[in-house]
Amino acid sequence: MAAPRTSAGDPARTLALLWRVDQRARRGPERGLDLDTIVGRATALADQEGLEAVTMRRLAQGLGVSTMALYTYVPGKDELIDLMVDAAYQRMPRADTTGQPWRQRLIAIADDNRALYLAHPWASSVSTLRPPLGPGLMAKYEHELAALDGLG
């Protein structure tokens, strides 16, 4: 089985999910879940049992909905992985490195990334060769690049 990777799903749908842009008209009864709840539950399951434990069926059972209902929120596991990685990036610690020498700023960035992977060990098994361009990734990179600001 190939290692999971980001950006394996439909790019347009993934970006819409990452940025919470709902492009579909909704009909029928009010929906009982939201995307953040789904991603939070999937992340907790992966944190506890590993990424291989996260299946759409198991996630749906944990949320108390049918698997088909879950697919109305997330089209598949590929997009779910993108959402999980981006949420982990969004919530990761970010040390304030203002006024510190550049080496200390880079050490702080490395410590932040280490803390991310200690909190979410499954994330290290996901290839981010093609990273999803979500708000979490943008915030992570902006913070990391800021550590190099002013170095020329």
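Scroll up to find the structure.
Summary of the structure given here. (Residues numbered from 1 in each chain as written. Predicted model: local features only at pLDDT ≥ 70, side-chain atom pairs only at ≥ 80, totals over all residues. Heavy atoms only, no water.)

Time to look at unusual backbone geometry. Phi at Ser 7 is positive, roughly 60°, even though this residue is not glycine. Here Ser 7 shows up in the segment before helix H1 (11-18). You can call Ser 7 buried: its relative accessible area is 17%. Of note in this structure, Arg 20 is not a glycine but carries a positive phi near 60°. (Helix = DSSP H or I, 4+ residues; strand = E, 2+ residues; numbered from the N terminus. Buried < 20%, exposed > 50% of the residue type's maximum accessible area, 1.4 Å probe, protein only.)

Look at helix H5 (residues 77-91): 21 Å from first C-alpha to last across 15 residues, which is about the 21 Å you get at 1.5 Å a residue. Burial analysis of H5 places 11 of its 15 residues in the buried class, the great majority of the element. Those residues of H5 lying buried are Glu 79, Leu 80, Ile 81, Asp 82, Leu 83, Met 84, Val 85, Asp 86, Ala 87, Ala 88 and Tyr 89. If you follow the buried residues of H5, they end up packed against H1, helix H2 (35-49), helix H3 (56-63), helix H6 (102-119) and helix H7 (135-146). (Expected span 1.5 Å × (residues − 1). Contact = heavy atoms within 4.5 Å.)

Turning to its location among the elements, Asp 82 is positioned in helix H5. Buried within the structure, Asp 82 lacks any salt-bridge partner; Arg 5 is the closest side chain of opposite charge, at an N-O distance of 7.7 Å. Ignoring sequence-local partners within four residues, the contact set of Asp 82 consists of Thr 6, Ser 7, Ala 8, Thr 14, Leu 18 and Pro 132. (Lys, Arg positive; Asp, Glu negative; His and termini not counted. Salt bridge = Lys/Arg side-chain N within 4 Å of Asp/Glu carboxyl O.)

Right, let's get into H2. The terminal C-alpha atoms of H2 lie 21 Å apart, and with 15 residues this matches the ideal 21 Å at 1.5 Å per residue to within 8%. Considered for burial, the residues of H2 that qualify are Leu 35, Ile 38, Val 39, Ala 42, Thr 43, Leu 45 and Ala 46. Mapping the buried residues of H2 onto a view down its axis gives an arc of 160°, with all of them on the same face. Packing partners of the buried residues in H2 comprise H1, H3, helix H4 (67-70) and H5. Sitting at the amino-terminal end of H2 is Asp 34, which places a side-chain oxygen 3.0 Å from the backbone nitrogen of Asp 36. (Arc of directions from axis to C-beta. Polar contact = N/O pair within 3.5 Å; in protein donor to acceptor, adjacent residues only side chain to side chain.)

A surface patch of nonpolar side chains, about 540 Å² in accessible area, is lined by Trp 102, Leu 106, Tyr 141, Leu 145, Leu 148 and Leu 151. Elements with a minimum of two residues in the nonpolar patch: H6 and H7. (Patch = residues over 30% accessible without salt bridge, like charges linked within 9 Å, V, L, I, M, F, W, Y side chains within 5 Å. Areas by Shrake-Rupley, 256 points an atom, 1.4 Å probe, with all protein chains shown as cover.)

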